[in-house]
Amino acid sequence: MTTFKAIENISRRNVLKLFGAVGGGLALGATGLGWSPMALAQDKQALMNLFVAIGEDNKVYLTCHRSEMGQGIRTGIPQILADELEADWDNVVVVQGLADKRYGSQNTDGSRSIRKHYHRMRQMGATARTMLEQAAAQMWQVPVTEVYAKAHKVHHKGNNKSLTYGELAITASTLPTPELDSVVLKPESEFTHIGQSHTIVDMDAMLTGKAIYGYDIKLDGMLYASITRPPVLGSDVVSVDETKARKIAGVVDIITLPVPKGAPLFQALGGVAVIATNSWSAIEARKALVITWSKSINDSHNSDTYLQGLVERVNLPGKVMRQLGESVTDWPQASTVKAVYTVPYLAHAMMEPPVATASVTADGCELWASSQTPQSTQQHVAGALGLKEDQVTVNVTLLGGGFGRKSKPDFSVEAAILSQKLNKPVKVCWSREDEIQNGYYHAISAQMYQVSLDSNKMPTALLARTGFPSISSTFAEGVEYPSAGELDLGFSDVPLALKHIQLEAVKAPAHTRIGWMRSVCNIQHAFGIGSFVDEIAVNANKPCVQMWRDLLGDARLEAFENQNFTYGNYGEELADHPVDVGRYHTVLDKLEAVMADAPKAAKNQGWGMAVHRSFVSYVAVATLVEVVDKQLKVLNSIAVIDAGRVINPDRVKSQLEGAIIFGLSLATMGEITFKDGKVEQSNFHDYPLLRLPQCPDIETYIIESTAKPAGVGEPGVPPVAPSLTNAIFAATGVRYRDLPLNKHLSV
């Protein structure tokens, strides 16, 4: 594919240079979208859609309105467009979309970029193809039924005549745009790009060091900011001694930022910002600051004590969130299996910490940010500066990882506020320590599961409770219970075929900023249910795979009717993405078949498995471990996914591989602890990630499916932890119910 090019400075001269076009071409833009590339190239407003432009140079320019953080979305979205357009992949150039509401949602989170835009992108590509066919029919003066688009040309059915897309672009641009619902989509049997592995369009730039990430942005006259933020949420600056800091060469200014009141939201945290002509001076001067902080209501927060309280509460009655059948009150010890599982606070720990560069002038603000949510960035920056949203331009750079942290635009707000105060461009650089000690955290949690067994040691009733501080607490004060939407993530929505199910939530107030992290609450809930099913299986002397089959029951579509709760289903209609027990069985069957040919567990070794549905995909994971003298080694991991229609199999494989590494890192070593309200960890030495020697051999399998596309980026993570602890039990006979494992074993 053509090397990726992004529009950084939107001007007619630069657009013409980018497009290599003298006159223009077919511009699919939107009314009033003044920066639409081809509209600018033609000096007129385009009246079409946002995603496709075709130049006289025969290049097809496809806009990706989502953020690229290694998942390959700047390839996947164009693949869909190109397929319906019948575009030659080598003549495709990808353009990064700026923040604009006319794209619809640009939030690159929730594993929804493809599943939410698949049909729309097909329509956009088909619209452009239809207009090219109409243009050819007009030029040849034949009925449009006699022409067809194929391989970057429009052909005449009756002879060998053909015209390239570049030759048709100008004529096509004069035609009215068809209604989206009127265009005819290709038969899926004729797909040429969808379902094919394409190297991501940014790969060459990434490998050669030419890729532009947030930290790579440089503007004339730019200043650098390093900020000391409150060590405890809610504390404020009482006093600051700047004497030594101001003596460091390069320091321009030191600014105290106010601490916001109320819920944290996406506001800047406040603190003291050191502004300098280079990042080193800003960081060194910041170290020289002497700051006195005020008291905070969160000063007494200690995560060990808090977790003990959660464990106590999940052993007591909570708020009923889902009820099937009658409540079971008789739990004889001899026929009851019960367990409690805990997961600590977790940090995102992406390779590139948050970074944003802002330039505020009298006309507005232009921002360059490694953002997962450009529209939210635009909104919150505008609010902080007192501007209208259309006065804020957000350029999206490549993200060096995101995992949900960069869907919070607080760091962009910081850069904008400082630029406005200094009247110069300012880059705010978060360090690794900043991110680990002042980020948004995955919630600490405890879960209790218990089942009543029949004479065959099979469950007849389930009682489960979960407790964790809610993400909602970041947006509103006084939130003390998990939200229904969070409980839907692997707790309320497990479709077990039991007569009696009672699921409850317990109180858990927040003492820090809680945010989304890759797979969100599925992290703790999959660990709980995935471990517990294995415990039931061991008690019944059954393979875990078979216990899952028995508990799930026959293939069916589970709608959770008459169970005292409404299932959110990740924002999808159940008609489009049903909870399909048959698809659980499909991934279980495939996993079992693969495991039959996998290495057998030797002495001190064991296999474990788990299955989970999240983000409307189904994933089963098996893990082989070896434990000798309490030294854990993960040998093999196998992952099977049913994600419906797959766009780019290579990216799905990569996402599964990354999910296993991510999940193993969390399960073995991931832990953020608080003492006196402060985070105790600071960098990779005490919040480590999996190193290469710790990584297992990984196999991935994709179930072929014609179901609607589902999530891919997050669903691979949840089954990893329970498959690991189940494997350790198989190898050692010891059950670990509290993560991370490095509290118990050497990893």
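Residues numbered from 1 in each chain as written. Predicted model: local features only at pLDDT ≥ 70, side-chain atom pairs only at ≥ 80, totals over all residues. Heavy atoms only, no water.

Caption draft 1: Representation of the packing of aromatic side chains within the structure. Evaluation of the coordinates by the stated rule reveals 17 aromatic pairs. Between Phe-475 and Trp-516, the aromatic rings sit 5.9 Å apart at their centres with planes inclined by 45°, giving tilted as the arrangement. With Phe-475 in the loop between β20 (459-467) and α13 (484-487) and Trp-516 in the loop between β21 (500-505) and α14 (522-540), the pair connects residues that are 41 residues apart, well separated along the chain. By relative accessible area, Phe-475 is classed as partly exposed at 35%. One aromatic cluster is present, formed by Tyr-341, Tyr-449, Phe-491, Phe-527 and Phe-532 through successive ring pairs. (Phe/Tyr/Trp six-rings, centres within 6.5 Å; stacked < 30°, edge-to-face > 60°. Helix = DSSP H or I, 4+ residues; strand = E, 2+ residues; numbered from the N terminus. Buried < 20%, exposed > 50% of the residue type's maximum accessible area, 1.4 Å probe, protein only.)

Caption draft 2: Focus on a nonpolar patch on the surface. Together, Leu-265, Phe-475 and Trp-516 make up an exposed nonpolar region whose accessible area comes to about 230 Å². On the basis of relative accessibility, which here comes to 31%, the residue Trp-516 falls in the partly exposed class. (Patch = residues over 30% accessible without salt bridge, like charges linked within 9 Å, V, L, I, M, F, W, Y side chains within 5 Å. Areas by Shrake-Rupley, 256 points an atom, 1.4 Å probe, with all protein chains shown as cover. Salt bridge = Lys/Arg side-chain N within 4 Å of Asp/Glu carboxyl O.)

Caption draft 3: Quick look at unusual backbone geometry. Geometrically, the link from Leu-739 to Pro-740 is a cis peptide bond, its omega value of 0° lying close to zero. Looking at the element boundaries, Pro-740 is found in the segment after α18 (720-732). In the Ramachandran plot, Gln-141 falls in the positive-phi region, its phi being about 60° despite a non-glycine side chain. Within the secondary structure, Gln-141 sits in the loop between α4 (118-140) and β5 (147-150). The phi torsion at Lys-457 lies on the positive side, around 65°, for a residue other than glycine. Of the residues examined, Lys-457 reaches a relative accessible area of 41% and is grouped as partly exposed.

Caption draft 4: Here's a closer look at the pairing of strand β24 (residues 605-614). A large share of β24 lies buried, amounting to 10 of its 10 residues. Residues of β24 alternate between two faces, with Gln-605, Trp-607, Met-609, Val-611 and Arg-613 on one and Gly-606, Gly-608, Ala-610, His-612 and Ser-614 on the opposite face, all of them buried. Looking at chain direction, β24 and strand β25 (residues 617-628) are connected through 10 bridges and run antiparallel. Within the sheet, the bridge partner assigned to Ala-610 lies in β25 and is Val-621. Once β24 ends, the chain turns through two residues before running back antiparallel as β25, passing Phe-615 with a positive phi of about 50°. (Pairing = 2+ DSSP bridges.)

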